[in-house]
Amino acid sequence: MAREALLRHHRGFSPQEGRDRVLDPGGELQWRSSGEEHLYNPETIHALQTAVRTNNYGIYKQFVKLIHQENERYMTLRSLFSFQSDRPPVPLDEVEPAESLFKRFKTGAMSYGSISKEAHESLAIAMNRIGGKSNTGEGGEHPDRFRPDANGDLRRSAIKQVASGRFGVTSHYLVNADEIQIKMAQGAKPGEGGQLPGSKVYPWVAEVRGVTPGVGLISPPPHHDIYSIEDLAELIHDLKNANPRARISVKLVSEVGVGTIAAGVAKGKADVVLISGYDGGTGASPQTSIRHAGLPWELGLAETHQTLVLNNLRSRIAVETDGKLMTGRDVVIAALLGAEEFGFATTPLIALGCIMMRVCHLDTCPVGVATQNPELRKKFAGDPQHAVNFMKFVAEDARELMAELGFRTIEEMIGHTEVLETKRAVAHWKAKGIDLSPLLHQPEAGDEVGRFCSIPQDHRLDRSLDMKELLGICEPALERKEKVHAILPIHNVNRVVGTILGSEVTRRYGLEGLPHDTIRLHFNGSAGQSFGAFLPQGITLSLEGDANDYFGKGLSGGKLAVFPPEKAGFAAEENIIIGNVAFYGATDGEAYIRGIAGERFCVRNSGVRAVVEGVGDHGCEYMTGGRVVVLGPTGRNFAAGMSGGIAYVLDEHGTFKERCNQEMVLLEPVEETYESEELRNMIQHHATFTDSAVAHRVLKQWEQYLWKFVKVIPKDYKRMFEAIERVKRSGLNQQEAMLVAFEENMKDVSRVSGN
């Protein structure tokens, strides 16, 4: 780095008089003819797009040659490797077929919203045609995509990403997955949450995400619900309960020590771990996140494979990698370093027409790939077959290399780093002396230690209360929609109670679920973590006792109530009755909590109507919808990052203002009649479900208490809501009014929250 700085200085300020030269303009992000070298440049992009559009493998090989020439400039770590195999070559027809490799191919997590509907669905169609998997990204997908089209194509993404409390994670969304991916980190922006500017939150994007059009979206970083490897293991278990048929994947970023984290992920019962390299990202990330964070996947992948083998964990978990995989050579090197599944993101987008303008965040993509603008989307010229052709070319390219190296299958090749060697004659001054031998190290382990995933994880679902009791009790409701009511004991070892039952309701009856209160289960005792997680409509769970963390996580239309036992010797409103992170990422339903909740109550709530009698720190953080009533004190930092929904806080002592984060919200009195009626009805329901003493007192003296409530409403949410109502008065319907209001919002220079 020091030498590069000096070279630039001497170029601009020559010791010889009159020899000073103007520095090159650079071009770290966007390609410049005199700037930084890029693997994606006009020549390589043209070659790839010509190859896939003409289905010409010969032109694809020209693309490979161009990439290899770029690699001669040592732009990636894998460019410093060469092949040196003592194994005899095998005939190409003995190498596993391309169709077998397709099952290991995936497209990366690129969200609908960051890329267009056409691009997102084309990737899904392409991967479904070949038997691979596409990834929704954290933006989700519309339920219409879960059904095949008339021509037999399926626009459903097999991998549903959740990113902890991702936008719109419902029971229906999770049940329609072959693989569920927890985004703990990503190659671009490791450790940061995602963000979608309000100018790209068009009405159709807002519908899928369950948010308000025109209001900027902030995706919480993972640490908002995961503080330890145990918390991650709980989320893995929650999601496996939400869809027992799906594999659970955890996405990690390549970094020093990622092998140790991956070992914890394997012990936490994940089925797949993805090691994502720093190369990539949507191009909408800040420069400091794209260029100066994370490591190449080669480093993280090698460390992960070695650590898993050393701890005899490799056989229990599939290892995937991604980060600018472009050719069959990349696939082969990834397999040799320890991967058995492979993700492609930017290159399939280029196959569909992306020309790497790097203006993804501006919503001005000229080829209709990274935009939601209807006029620009008309310019999208991609075809799913183009992505199919690319995947076929990569598979054939990899098969040819495997034949040369003497491998018949991917599994046979995993971890055989002895066929790799570092290039001995590296002329580039920066590459001289680089020692990559640690990447090629093979841990000492006996033959009994597996080198690839061969043993399925035991998620112990058969031990759950749902499997042992609830499914049997609720069979009349599941099979014939008959009403069911039961009273059962519960203990804190009973985790995720109701979630498998809920998944069966969703699998049978879809997004609508069952009629309200078809299944009513009353529990006595202390519930474990994630009581009622992802509960769909038709199920009502009441708990006479208390509950641990993650109460109502991802609630999807069901009803929950918790209250102390009738003979409890304490005042409920003065004691904590449920743990931290209740209703994280919840999308719909009702909840009534007689007592105080822990920290991060209703974080990322986008639709639940909840009443509680006090909350800890960070209540309603990142909330995007729904209604929350707090009949008691709050902790600090209430409403941080809140961009939607409304909270009503009973501020009896006048101290709430100093506990609320007012950066994005307004504090107002409850003045409108319809609002006061809505608030009163929620409190009335709370009294009905829990027999709350606080609720009864407030209702009895309603006029005196009403003025003590503070309405917390996000600034952008209020502006858009008022704009939509104003436009509707001109005679437009709801959908038309939202679009007109959204277009007005885009022209408003006073927008906040990144809009």
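Residues numbered from 1 in each chain as written. Predicted model: local features only at pLDDT ≥ 70, side-chain atom pairs only at ≥ 80, totals over all residues. Heavy atoms only, no water.

### Concerning the overall build of the protein
- Looking only at helices and strands, the protein features 25 helices and 24 strands.
- When its C-alpha atoms are laid out on the principal axes, the protein stretches across 85 × 65 × 55 Å.
- For the protein, buried positions account for 60% of its 755 residues.
- The long-range share in the protein, meaning contacts at least 24 apart out of those at least 6 apart in sequence, stands at 63%.
- Surface accessibility of the protein: about 30,500 Å² in total, with carbon and sulfur atoms responsible for 50%.
- Counting 85 positive and 97 negative side-chain charges, the protein places the centres of these two groups 2 Å from one another. (Helix = DSSP H or I, 4+ residues; strand = E, 2+ residues; numbered from the N terminus. Buried < 20%, exposed > 50% of the residue type's maximum accessible area, 1.4 Å probe, protein only. Contact = heavy atoms within 4.5 Å. Areas by Shrake-Rupley, 256 points an atom, 1.4 Å probe, with all protein chains shown as cover. Lys, Arg positive; Asp, Glu negative; His and termini not counted. Charge placed at Lys NZ, Arg CZ, Asp CG, Glu CD.)

### Topic: the pairing of strand S5 (residues 179–183)
- Within S5, five of the five residues are buried, which leaves it mostly tucked inside the rest of the structure.
- Neither face of S5 is open: one carries Glu179, Gln181 and Lys183, the other Ile180 and Ile182, and all of them are buried.
- Across three bridges, strand S4 (residues 159–161) lies against S5 in parallel orientation. Bridge pairing links Ile159 to Glu179 in S5.
- Summarising the sheet, S5 and strand S8 (residues 247–253) pair through five bridges and their orientation is parallel. (Pairing = 2+ DSSP bridges.)

### Examining the layout of surface pockets
- Roughly 760 Å³ of volume is contained in the second largest pocket.
- Lining the second largest pocket are 34 residues, and of these Glu207, Gly210, Thr587, Asp588 and Ser606 lie nearest its centre.
- Every element with two or more residues in the lining of the second largest pocket is listed here: helix H6 (171–175), helix H7 (203–209), strand S16 (556–563), strand S20 (606–612), strand S21 (624–630) and helix H24 (715–728).
- The dominant element in the lining of the second largest pocket, judged by the number of residues it contributes, is S21, at four residues.
- Grouping the constituent residues of the lining of the second largest pocket by class yields nine nonpolar, 17 polar and eight charged. (1 Å grid on protein atoms, 1.4 Å probe; cavity = no way out; pocket = protein on both sides within 12 Å on 5 of 7 lines; lining within 4 Å. Points joined across faces, edges and corners; volume = space filled by probe spheres on them. Nonpolar A, V, L, I, M, F, W, Y, C, P; charged D, E, K, R; others polar.)

### Focus: the environment of Arg520
- Tracing the backbone through its elements, the reader meets Arg520 in strand S14 (residues 519–527).
- Every residue in contact with Arg520, bar those within four places of it in the chain, is listed here: Val484, His485, Ala486 and Thr540.

### Quick word on the pattern of salt bridges
- Under the counting rule described, the total for this entry stands at 43 salt bridges.
- Salt-bridge contacts for Arg399 lead to Glu396; the nearest nitrogen and oxygen are separated by 3.0 Å. Remark: Glu396 and Arg399 occur in helix H15 (residues 384–405); sequence separation between them is three residues, near one turn of the helix.
- A residue is classified by how much of its surface remains accessible, and Arg399, at 9% relative accessible area, is buried.
- It is possible to trace a salt-bridge network through shared partners that takes in Lys106, Glu179, Arg247, Glu320 and Glu341. (Salt bridge = Lys/Arg side-chain N within 4 Å of Asp/Glu carboxyl O.)

### Examining the packing of aromatic side chains
- With the rule as written, the count across this model stands at 17 aromatic pairs.
- Each ring, one from Tyr60 and one from Phe63, has its centre 5.9 Å from the other, and the planes form 40 degrees; the classification is tilted. Separated by three residues within a single helix, Tyr60 and Phe63 lie in helix H3 (residues 57–71), roughly one turn from each other.
- Since its relative accessible area comes to 0%, Tyr60 is described here as buried.
- The class for Phe63 is buried, based on a relative accessible area of 1%.
- With a centroid separation of 4.4 Å and an interplanar angle of 45 degrees, the aromatic rings of Tyr202 and Phe742 are classed as tilted. Of this pair, Tyr202 sits in the loop between strand S6 (195–196) and H7 while Phe742 sits in helix H25 (residues 734–746); the two residues are 540 residues apart in sequence, bridging distant segments of the chain.
- Judged by its relative accessible area of 1%, Phe742 is buried.
- Through successive ring pairs, a cluster of aromatic residues spans Phe102, Phe105, Phe342, Phe344 and Phe390.
- Here the basic side chain of Lys160 rests over the ring of Tyr173, its NZ or CZ set 5.9 Å away from the ring centre. (Phe/Tyr/Trp six-rings, centres within 6.5 Å; stacked < 30°, edge-to-face > 60°. Lys NZ or Arg CZ within 6 Å of the ring centre and 35° of its normal.)

### Focus: the sheet that holds S16
- Spatially, the 10 strands line up as an open sheet ordered S13-S14-S15-S16-S18-S20-S21-S22-S24-S23, and their pairing is mixed. Edge positions in the sheet fall to strand S13 (484–490) and strand S23 (665–669), since each has one partner strand and no second. Neighbouring strand axes in the sheet, compared pairwise and without regard to direction, differ in orientation by 15 degrees on average.
- Sheet analysis places strand S15 (residues 539–547) next to S16, joined by five bridges and oriented parallel. Within the sheet, the bridge partner assigned to Leu541 lies in S16 and is Leu560.
- The strands touched by helix H17 (residues 465–473) within the sheet are S13 and S14, with S13 carrying the most contacts at an inclination of about 155 degrees.
- Each of S21, strand S22 (644–650), S23 and strand S24 (709–714) is contacted by H24, which is oriented at about 80 degrees to S24, the strand it contacts most. (Axes fitted to C-alpha atoms, helices over the stretch in contact; angles between N-to-C directions.)

### Topic: the packing of helix H12 (residues 328–337) against H15
- The geometry of H12 relative to H15 is characterised by a closest axis approach of 7 Å and an angle of 55 degrees between their N-to-C directions. It follows from the interaxial angle that H12 and H15 lie oblique. Handedness of the H12/H15 crossing: right-handed. Residue-level contacts link Gly328, Arg329, Val331 and Val332 of H12 to Val394, Asp397, Ala398, Leu401, Met402 and Leu405 of H15.
- Across the contact of H12 with H15, the residue classes break down as seven nonpolar, one polar and two charged. (Parallel < 35°, antiparallel > 145°, perpendicular 65-115°, else oblique. Left-handed = near helix turned anticlockwise from the far one by under 90°.)

### A short note on unusual backbone geometry
- For Asp517, which is not glycine, the phi torsion reads 65 degrees and is therefore positive.
- Here Asp517 is to be found in the loop between helix H19 (499–509) and S14.
- The backbone of Arg604 sits at a positive phi, close to 65 degrees, despite the residue not being glycine.
- Mapping Arg604 onto the fold places it in the loop between strand S19 (596–597) and S20.

### As for the packing of helix H8 (residues 229–242) against helix H9 (residues 258–267)
- Contact pair H8 / H9: the axes reach a minimum separation of 9 Å and the direction vectors enclose 45 degrees. As judged from the angle between their axes, H8 and H9 are oblique. Seen along the crossing, H8 lies across H9 with a hand that is right-handed. For the pair formed by H8 and H9, the contact residues are Ile229, Leu232 and Ile236 on the first element and Ile261, Gly264 and Val265 on the second.

### Considerations on H24
- For H24, built from 14 residues, the straight-helix expectation of 20 Å at 1.5 Å per residue is met to within 8% by its first-to-last C-alpha distance of 20 Å.
- Those residues of H24 not exposed but buried are Asp716, Tyr717, Met720, Ala723, Ile724 and Val727. Projection of H24 onto a plane perpendicular to its axis shows the buried side chains occupying an angular sector of 135 degrees, all on one side.
- Contacts made by the buried residues of H24 are with S21, S22, S24 and H25. (Expected span 1.5 Å × (residues − 1). Arc of directions from axis to C-beta.)

These figures capture arrangement, not role.
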